[in-house]
Amino acid sequence: MKLAIAGTYSVGKTLTTMAVSHLTGLPRSAAKTMRELLPVSVPGKTLEECTAAEVIMLIMRRNQERAVNESHLPGGFVSDGSSLHEWAYGTVRVLVGINPNESVDLETIELTDEIRFYGQVLEQMGIPAKQHAKATYDSFVHLPIEFPLVPDGHRPVNERFRSLADELMLRTLDELEIPYHTVGGTVHERLQKILDIYGFSPRMSIDEAIARAEAEYALIDTTGELERVSA
């Protein structure tokens, strides 16, 4: 089974993916975070300061890493995100601005020539992203937006961005005819629903899988990109 955990920012993809991996024995696949990529890709910049061209480059780096990681797991995996995620986030930025933070008036975004060209590039980038998703993932677990965005001082996004990205990903899954199941609730409830939907044989109890995932999640380095540069 090649399963992707889908959803926009701050819906619990990473913790859920970790827990599913422990529960089912499927290896976890993930790409480096933007915090990790920014210091080596655009040193000295935050994501909010990146140009359209730099955002495209970061999308390419993440999707390249996803594809390589997945190619090393031919027997199946559970993916934290998918090839559609970075493309969807990038595409929504055409509508809400390259850096759609709360200070931006989203109703008066100027559609400049740069933004138009950026949109055309993203449209073309969607072709391989969709082809990869169709050829690779057997199914998606969609985590809905159930609680407010958690400000992390890193991602210049807001609630409208999250909603538009979520809607685009679901429309794309329908377009590609990739099966998906929306699974909400607590992490425990999510895991039980995933077991019920896919008929996985659990390797351990749900509580143990969650405990292991929480311990693993606590080890994630959340140091900001600029702090990484100066460290």
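Rules used throughout
Residues numbered from 1 in each chain as written. Predicted model: local features only at pLDDT ≥ 70, side-chain atom pairs only at ≥ 80, totals over all residues. Heavy atoms only, no water. Axes fitted to C-alpha atoms, helices over the stretch in contact; angles between N-to-C directions. Helix = DSSP H or I, 4+ residues; strand = E, 2+ residues; numbered from the N terminus. Parallel < 35°, antiparallel > 145°, perpendicular 65-115°, else oblique. Left-handed = near helix turned anticlockwise from the far one by under 90°. Contact = heavy atoms within 4.5 Å. Nonpolar A, V, L, I, M, F, W, Y, C, P; charged D, E, K, R; others polar. Pairing = 2+ DSSP bridges. Core = buried A, V, L, I, M, F, W, Y, C linked by side-chain atoms within 4.5 Å. Buried < 20%, exposed > 50% of the residue type's maximum accessible area, 1.4 Å probe, protein only. Phe/Tyr/Trp six-rings, centres within 6.5 Å; stacked < 30°, edge-to-face > 60°. Expected span 1.5 Å × (residues − 1). Salt bridge = Lys/Arg side-chain N within 4 Å of Asp/Glu carboxyl O. Polar contact = N/O pair within 3.5 Å; in protein donor to acceptor, adjacent residues only side chain to side chain.

### What to know about the packing of helix 2 (residues 34–41) against helix 3 (residues 52–71)
Alright, step 1. Two elements in contact, helix 2 and helix 3, have axes separated by 11 Å at closest approach and are oriented at 120 degrees. Overall, the two elements helix 2 and helix 3 adopt an arrangement that is oblique. Taken as a pair, helix 2 and helix 3 cross one another with a handedness that is right-handed. Taking contact as the criterion, the partners of Met34, Leu37, Leu38, Val40 and Ser41 in helix 2 are, on helix 3, Met57, Leu58, Arg61 and Arg62.
Alright, step 2. Counted by class, the contact of helix 2 with helix 3 contains 6 nonpolar, 1 polar and 2 charged residues.

### A word on the sheet that holds strand 3 (residues 77–80)
Alright, step 1. Sheet architecture is open: 5 strands sit in the order 2-3-1-4-5, paired in parallel fashion. If you trace the sheet from one side to the other, it starts and ends with strand 2 (28–29) and strand 5 (180–182), each paired once.
Alright, step 2. The pairing of strand 1 (residues 2–6) with strand 3 spans 4 bridges and is classified as parallel. Of the residues in strand 3, the one forming a bridge with Ala4 is Ser79.

### Regarding the nonpolar core
Alright, step 1. Counting residues in hydrophobic clusters, the biggest one holds 39 residues, and the most contacted among them are Leu38, Leu58, Leu84, Trp87, Tyr118, Leu122 and Phe140.
Alright, step 2. Those elements that place two or more of their residues in this core are strand 1, helix 2, helix 3, helix 4 (83–96), helix 5 (113–136) and helix 6 (159–176).
Alright, step 3. When residues of this core are assigned to their parent elements, the largest contribution, 8 residues, is made by helix 6.
Alright, step 4. Listed in part, the 23 residues of the second largest apolar core include Ile5, Phe200, Ile206 and Ala213.

### Concerning helix 2
Alright, step 1. For helix 2, the buried fraction is high: 6 of the 8 residues fall into the buried class.
Alright, step 2. Every buried residue belonging to helix 2 is among Met34, Arg35, Leu37, Leu38, Pro39 and Ser41, and all of these are buried.

### Digging into the packing of aromatic side chains
Alright, step 1. Per the stated rule, a full pass over the model turns up 6 aromatic pairs.
Alright, step 2. An aromatic cluster of three or more residues is present, and its members are Tyr9, Tyr89 and Phe161.

### Remarks on helix 7 (residues 187–198)
Alright, step 1. Between its terminal C-alpha atoms helix 7 stretches 16 Å, which fits the 16 Å expected from 12 residues at 1.5 Å a residue.
Alright, step 2. Elements that come into contact with the buried residues of helix 7 comprise strand 1, helix 1 (13–24), strand 4 (139–142), strand 5 and helix 8 (206–217).
Alright, step 3. Just past helix 7, the residue Gly199 takes up positive phi, approximately 65 degrees.

### Some thoughts on the packing of helix 5 against helix 6
Between two packed helices, the angle of one axis relative to the other and the distance separating the axes together describe the packing.
Alright, step 1. At a minimum axis distance of 11 Å, the contact between helix 5 and helix 6 shows a crossing angle of 60 degrees. Viewed along their axes, helix 5 and helix 6 adopt a mutual orientation that is oblique. Note that helix 5 runs across helix 6; the crossing there is right-handed. Here helix 5 contributes Lys130, Ala133 and Lys134 to the contact with helix 6, which in turn contributes Thr172, Glu175 and Leu176.

### A word on the pattern of salt bridges
Alright, step 1. For the structure shown, the criterion picks out 9 salt bridges.
Alright, step 2. Salt-bridge contacts for Lys32 lead to Glu65; the nearest nitrogen and oxygen are separated by 3.5 Å. Placement of the pair is Lys32 in the loop between strand 2 and helix 2 and Glu65 in helix 3, with a sequence separation of 33 residues.
Alright, step 3. With a closest N to O distance of 2.8 Å, Arg212 and Glu208 form a salt bridge. Taken as a pair, Arg212 and Glu208 lie in helix 8 at a separation of 4 residues, close to a single helical turn.

### A word on the environment of His142
Alright, step 1. Structurally, His142 is set in strand 4.
Alright, step 2. A C-alpha to C-alpha distance of 4.6 Å links His142 and Ala6, two positions 136 residues apart in sequence.
Alright, step 3. What His142 contacts, discounting residues up to four positions off in sequence, is Ala6, Gly7, Asp166, Leu170, Tyr180, His181, Thr182 and Val183.
Alright, step 4. Separated by 3.0 Å, the side chains of His142 and Thr182 make a polar contact.

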